[in-house]
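# A structural walkthrough
Here's the letter readout for the chains.
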Amino acid sequence: MRTALKTPKVFISYSWTTTQHEEWVHDLATRLTENGVEVIYDKWHLKEGHDIYAFMEKMVSDSEKIDKVLIICDEGYKKKANNRDGGVGTESQIITPEVFNDIKQEKFIPIISERDETGKDFVPSYIKSRMYIDLSEEEHFEKNYEQLVRNIFQVPLYQKPPIGTPPSYITEEEKPYFSTKNVIRQIKKAEISNPKRLKSLWFTFAVEFWASLKLLKIDVVEEGKHIDEEIYEKINLFDPLRDDYIEALEIMISSETIETDDLIEFFEKMYSFIQPENLESYNSSHYQHYKFMVKETFLYTISILLQQKKFLMTRELLDSEYQTASEYYHKDHIKFINFNFHLSSLEKRSERLQLNLVSPSSTLIKERANDKYLNALLEADLILFYISLLQKVKEPDTKLWLPKTAIYKKRNNLKILTKLKSTRHFKKAKYLFDVDSSDELKQMINATNQISIPMFDFHYEISRLTAIINPEEICSMP
């Protein structure tokens, strides 16, 4: 809440050009008064017997009592001021030296009350260089009147923000600065002012994202340093880049800008970072941080899609083949299951430091997640497992997505599954499960009981689908 404002005092300098113009000035003085401004105006304050010129001189030069002088510029005022004619001429002679001595450039404000037929203003010569406020057109009057009032009260619409802290790329030389941050600013602006730009900005973002990933490449590990520690450090440097991706994706999905093919191409390109550039210098451990990044980014993508109820797009991503062939890497058609990498380097680090972590990669995913996304990530990991389980009913050769972050899921419930009791929810979510009817889904869920579910190395057993949702209850409610 803004603190109480001091009542400002202004003097209006104008010409008695026409009756219509005098009424215009009178209306302006009245409205300013109603808006909390103390207005000194000759028709209210100049009485019989007063010395006109002494009154004017006091109003113009009294810096302690008069905060602003509003100079109402019409054709009559300009002529009289430039020709030093009459009261306006005398007043302008008084004002002129004051204008040039106004160091702060704040006290004297030209107000345009009318323009000629060509649109030219009537600002007199002695104040021509000052910025003015235009109240001559009805179309823009209210907006510009607000500007005037804000000026009088010294509460501008655009206020200078407090000086913040230097950006991280200035203060933290060891951390790379990712150019995706600049694109994010453009995306946020376009979301509000020009949504048609979002599509092209997504492609710009993707290019900058891939260029930034190259900055995290491991070429040579310094002598005496463990490669697993280098992997761990590179993963943590990925944080701001990952967060930029999350922010961009949320906007693109909510604005319905991005398409499934865009995401497929994104992950195909991202997957290429785990492939060798040449066989002579290839060391598989130097690419494990990229494997972690692919998996983490994919988990965030699925969680965001599910949060925004983009069930069909999610399904398309899970059904798609990703073409990832390169000159030295011939596994050219992979499925989403292949994004669930085993990261031996993180396990070696856990053993070396005696961290006693059940699943180092899952622990790292959990620790790196903020409160906003943590539960969504855990649920996405489980949903990917259950989707792969349902796929295995149709295609027995399908591999299962093992949700190792499940050890951190406190409650054995998934809203996407438990809400299948609602027919309305089923009609939306059925695309995720690749079924046409509730009966088909019921049969598939029951059939998953015949599939052997592997335990993790630490003997954690994942709940059966039938333990989360009773198939017979699907579509039992409106």
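Look above for the structure.
Thresholds, definitions, all that
Residues numbered from 1 in each chain as written. Predicted model: local features only at pLDDT ≥ 70, side-chain atom pairs only at ≥ 80, totals over all residues. Heavy atoms only, no water. Helix = DSSP H or I, 4+ residues; strand = E, 2+ residues; numbered from the N terminus. Buried < 20%, exposed > 50% of the residue type's maximum accessible area, 1.4 Å probe, protein only. Salt bridge = Lys/Arg side-chain N within 4 Å of Asp/Glu carboxyl O. Pairing = 2+ DSSP bridges. Contact = heavy atoms within 4.5 Å. Axes fitted to C-alpha atoms, helices over the stretch in contact; angles between N-to-C directions. Patch = residues over 30% accessible without salt bridge, like charges linked within 9 Å, V, L, I, M, F, W, Y side chains within 5 Å. Areas by Shrake-Rupley, 256 points an atom, 1.4 Å probe, with all protein chains shown as cover. Lys, Arg positive; Asp, Glu negative; His and termini not counted. Charge placed at Lys NZ, Arg CZ, Asp CG, Glu CD. Polar contact = N/O pair within 3.5 Å; in protein donor to acceptor, adjacent residues only side chain to side chain. Arc of directions from axis to C-beta. Phe/Tyr/Trp six-rings, centres within 6.5 Å; stacked < 30°, edge-to-face > 60°. Lys NZ or Arg CZ within 6 Å of the ring centre and 35° of its normal. Parallel < 35°, antiparallel > 145°, perpendicular 65-115°, else oblique. Nonpolar A, V, L, I, M, F, W, Y, C, P; charged D, E, K, R; others polar.

### Side note on the overall build of the chain
- Along the backbone of the chain there are 21 helices and seven strands.
- Relative to its full complement of 478 residues, the chain shows a buried share of 46%.

### Here's the deal with the pattern of salt bridges
- One pass over the structure, following the stated rule, counts 29 salt bridges.
- A salt bridge links Glu296 to Arg242; the shortest N-O distance between them is 3.2 Å. In this pair, Glu296 sits in helix H13 (residues 288–307) while Arg242 sits in helix H11 (residues 239–254), placing the two residues 54 residues apart along the sequence. Each member of the pair, Glu296 as well as Arg242, carries the same accessibility label: buried.
- Across the pair Lys394 and Asp434 runs a salt bridge whose closest N-O atoms are separated by 3.4 Å. You can see Lys394 sitting in helix H17 (residues 371–394) and its partner Asp434 sitting in the loop between helix H19 (423–433) and helix H20 (438–447), a full 40 residues away along the chain.
- Under the relative-accessibility criterion, Lys394 is labelled partly exposed at 42%.
- Classification of Asp434 by relative accessible area gives partly exposed; the value is 35%.
- Residues joined by salt bridges that share partners form a network here, namely Asp239, Arg242, Asp243, Glu296 and Arg368.

### Looking at the sheet that holds strand E5 (residues 133–134)
- Within the open sheet, the five strands sit side by side as E2-E1-E3-E4-E5. Their pairing is parallel. Looking at which strands have only one partner, the edges of the open sheet turn out to be strand E2 (38–40) and E5.
- Here helix H1 (residues 19–34) sits on the sheet in contact with strand E1 (9–13), E2, strand E3 (68–73) and strand E4 (108–112), set at roughly 150 degrees to E3.

### A short note on a positive patch on the surface
- A grouping of Lys309, Lys415, Lys419, Arg424 and Lys428 is seen on the molecular surface, where their side chains present a positively charged patch.
- Residue position: Lys419 is located in the loop between helix H18 (415–418) and H19.

### Some words on the environment of Leu420
- On the secondary structure map, Leu420 appears in the loop between H18 and H19.
- Among the residues examined, Leu420 registers a relative accessible area of 0% and is labelled buried.
- In sequence terms Leu420 and Cys475 are 55 residues apart; their C-alpha atoms lie 6.3 Å from each other.
- The residues contacting Leu420, other than those within four sequence positions of it, are His425, Phe426, Ala429, Phe433, Leu441, Glu473, Ile474 and Cys475.

### A closer look at the pairing of E4
- Along E4, five of the five residues are buried, which leaves the element largely enclosed by surrounding structure.
- The alternating pattern of E4 places Phe108, Pro110 and Ile112 on one face and Ile109 and Ile111 on the opposite face, and all of these are buried.
- Alignment of E3 against E4, held across five bridges, turns out to be parallel. Looking at the pairing, Ile71 lines up with Pro110 of E4.
- Relative to E5, E4 is paired through two bridges, and the arrangement is parallel. Each bridged residue has a counterpart across the sheet, and for Ile111 the counterpart in E5 is Ile133.

### Things to note about the environment of Tyr290
- Inspection of the secondary structure puts Tyr290 in helix H13.
- Along the backbone, Tyr290 and Phe238 are 52 residues apart, and their C-alpha atoms lie at a distance of 9.5 Å.
- Not counting chain neighbours up to four residues away, the residues in contact with Tyr290 comprise Leu213, Lys214, Leu216, Lys217, Phe273 and Ile274.
- Engagement of the side chain of Tyr290 in a polar contact is seen with the backbone nitrogen of Lys217, the distance being 3.1 Å.

### What to know about helix H4 (residues 75–83)
- Three or more residues of H4 are buried, namely Gly76, Tyr77 and Ala81. End-on view of H4: buried residues confined to an arc of 120 degrees, all on one side of the axis.
- Taken from the residues just after H4, Arg84 is the one with a positive phi, measuring 50 degrees.

### Structural notes on the packing of aromatic side chains
- One pass over the full model with this rule turns up 25 aromatic pairs.
- Arranged with centres 5.9 Å apart and planes meeting at 40 degrees, the rings of Trp210 and Phe266 form a pair that is tilted. Highlighted residues: Trp210 in helix H9 (residues 198–214) and Phe266 in helix H12 (residues 260–271), separated in sequence by 56 residues.
- Ring geometry for Tyr245 and Phe266: centres 5.0 Å apart, planes at 25 degrees, overall stacked. With Tyr245 in helix H11 and Phe266 in helix H12, this residue pair connects regions lying 21 residues apart in the sequence. No difference in accessibility class separates Tyr245 from Phe266, as the two residues are buried.
- Over the aromatic face of Tyr408 sits the side chain of Lys366, whose NZ or CZ is 5.2 Å from the ring centroid.

### Topic: the packing of H17 against H20
- Where H17 meets H20, the closest approach of the two axes is 9 Å, and the angle between their N-to-C directions is 95 degrees. Between H17 and H20, the angle falls in the class roughly perpendicular. Two secondary-structure elements touch here, H17 through Leu390, Val393 and Lys394 and H20 through Glu440, Leu441, Met444, Ile445 and Ala447.
- Partitioned by chemical class, the residues of the contact of H17 with H20 number six nonpolar, no polar and two charged.

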